[in-house]
Structures are given as C-alpha cells and as structure tokens.
Amino acid sequence: MKLLSFECSAKTASCAITEDGKLLGSVMSYVALTHSQTLMPMMENLLSATTLSLSDIDGFAVAAGPGSFTGIRIGISAVKGLAAAENKPCYPVSTLEAMVHQFAFANAIVCPVMDARCGQVYNALFRTKGGKITRMAADRAISVEELLLELSRYSEKIILIGDGTDLVYKNCELGNVIAAPEHLKYQSAIGVAFAAEKVEPLPPAELEAFYLRLPQAERELKKRSN
C-alpha cells in the first residue's frame, strides 16, 4: 500500500510517501510561510520526484493533533479533500506518537514535547526498545514543572524531542535527560507514515482534529462569559 502522509502540526511542514513500510521519498520545510502556502507545492514536488500521481496513492495519513490549531486544521483539510477526491481512506495519527518513531531503536524513554504556550507543553511518554514502541502516558497538556517532577521518578535514559525540547531542557537538572539533536528534534511526515500502520482507516467525512484544549480565542470567550 502506498501512503501519502502529512505533518504540519507546528512550524515545520513535511510530506512523505511510503509503500508497505518502505520510504519512497519525503520533503520538509522550516520557513516563515504558512502551511497553506507550502504543503501542496511540497506534495506536488514529492509526487513528481517519485514519478507518482495521486491516483497511485492508496491512502492519506495526517498528524491529527495535538499541535498548532491552524496547522492541524490545514493538514486535516488537505487530507480530507485529497481523500474525498480520490475516494481513498484517511489515517489520523497522534502527533506525539508519530515523533517517537525516529527513536524506535533508542532503548530509552522518549518524551515528545510541543510548546503549548502559557508554561505548558503537549506531551506523552513512550518506552522504546529494539524497535518496539510502548506508550506509557496518554497525550496531554501539562506544565513544565509537572512534567519534570514526573520524569524525576525514572532513572533510565530519557530523550526529549519536539519543538518544546529547549523549553523543558533549560529548566531540567536531571542527569539522565538528554535533548535530541537538531536534525531529529522536529515532527516529520515519515513518523506519521510509520505510526499510521497501526491505525484503522477512516472515510474522509469522519476525519477530525484532536485538540487537547480549546483555541485561545475560545478560551478567552468562555472566560468572559463565565
């Protein structure tokens, strides 16, 4: 099965094509443009580079959240539109779980963190060993202080990944916690593709974003109404 995957949950944007777990190609950008400007041109370039067309794709995967409200909406909308037009299934993937696939052989606790503002991060915990990924905590929004307290209970190696890495690491005094290198730190559509292998497909009409909290505008409106 050929899968076209998208990741635009934060500042980076990427897309990848895999076939039965084998990577055929990927493209990533980290520029100051909105994902609505970059995502479709990247997809078209990737299809051209792999000599494929949308009709060759069997399914579409996307990081469905958590993450940037705007970025997640753009990714979801793109996949819904493509999948509906091609009459193909969708595969919604946890952004945090997708990130961990870059460290599947790390033999460590992998701690994805995305900057959620207001002193919080979007986070989950996973243990990786011999290519196997085991979830230890559900996707959540948690304060940096709470997360560091939880990490202090573990003695094994802990790897921080994601755009919230620096935010957490600069406040961390734990000797067993390390920060991922720059080239492996950020979200990637490749991870989305591999995580999608465990996800049940959905028709485009049922694909929805997964938000851990309301957008700031809605939170402010709710606060004023209360």
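Above this text is the structure in question.
Below: a short report on this structure. (Residues numbered from 1 in each chain as written. Predicted model: local features only at pLDDT ≥ 70, side-chain atom pairs only at ≥ 80, totals over all residues. Heavy atoms only, no water.)

The subject of this paragraph is the overall build of the protein chain. Helix and strand content of the protein chain: eight helices and ten strands. Since a compact globule built from 226 residues should have a radius of gyration of about 17 Å, the 17 Å found for the protein chain is in line with a globular shape. Expressed as a percentage of contacts within the protein chain between residues at least 6 apart in sequence, the contacts between residues at least 24 apart total 62%. Accessible surface computed for the protein chain: about 10,900 Å², of which carbon and sulfur atoms make up 53%. (Helix = DSSP H or I, 4+ residues; strand = E, 2+ residues; numbered from the N terminus. Rg over C-alpha atoms; globule rule 2.2 N^0.38 Å. Contact = heavy atoms within 4.5 Å. Areas by Shrake-Rupley, 256 points an atom, 1.4 Å probe, with all protein chains shown as cover.)

Taken in spatial order, the five strands of this open sheet run S3-S2-S1-S4-S5, and their pairing is mixed. Both outer strands of the open sheet, strand S3 (22-29) and strand S5 (90-94), are each paired with one neighbouring strand and no more. The average angle at which neighbouring strand axes cross in this sheet is 20°, direction not considered. This element, helix H1 (residues 35-49), spans strand S1 (2-7), strand S2 (13-19) and S3 of the sheet and lies at about 30° to S2. (Pairing = 2+ DSSP bridges. Axes fitted to C-alpha atoms, helices over the stretch in contact; angles between N-to-C directions.)

So, about the pairing of strand S7 (residues 120-129). Most of S7 is tucked away: seven of the ten residues are buried. Looking at chain direction, strand S6 (residues 108-117) and S7 are connected through seven bridges and run antiparallel. Pairing of aspartate 115 across the sheet is with valine 121, part of S7. Connecting the antiparallel pair S6 and S7 is a turn made up of two residues, with cysteine 118 showing a positive phi of about 55°. A loop of two residues connects S7 with strand S8 (residues 132-143), the two strands running antiparallel in sequence, and glycine 130 in this loop sits at a positive phi of about 60°. (Buried < 20%, exposed > 50% of the residue type's maximum accessible area, 1.4 Å probe, protein only.)

What follows deals with the packing of aromatic side chains. Under the counting rule described, the total for this entry stands at two aromatic pairs. Here the aromatic rings of tyrosine 30 and tyrosine 186 are separated by 5.3 Å at their centres, their planes lie at 45°, and the arrangement is tilted. Here tyrosine 30, found in the loop between S3 and H1, pairs with tyrosine 186, found in the loop between helix H6 (182-185) and helix H7 (189-196); they are 156 residues apart in sequence, far enough to count as distant. Residue tyrosine 186 is classed as buried on the basis of its relative accessible area of 16%. (Phe/Tyr/Trp six-rings, centres within 6.5 Å; stacked < 30°, edge-to-face > 60°.)

Moving on, we come to the sheet that holds strand S9 (residues 158-161). One open sheet holds the five strands; their spatial order is S8-S7-S6-S9-S10, and the pairing between them is mixed. In this open sheet, the two strands that pair with only one neighbour each are S8 and strand S10 (177-179). If you compare each strand with its neighbour and ignore which way they point, the axes differ by 25° on average. Bridge count for S7 against S8 is nine bridges, and the pairing is antiparallel. In the strand pairing of S8, glutamine 120 is matched with serine 143. Each of S6, S7, S8 and S9 is contacted by helix H4 (residues 144-151), which is oriented at about 145° to S8, the strand it contacts most.

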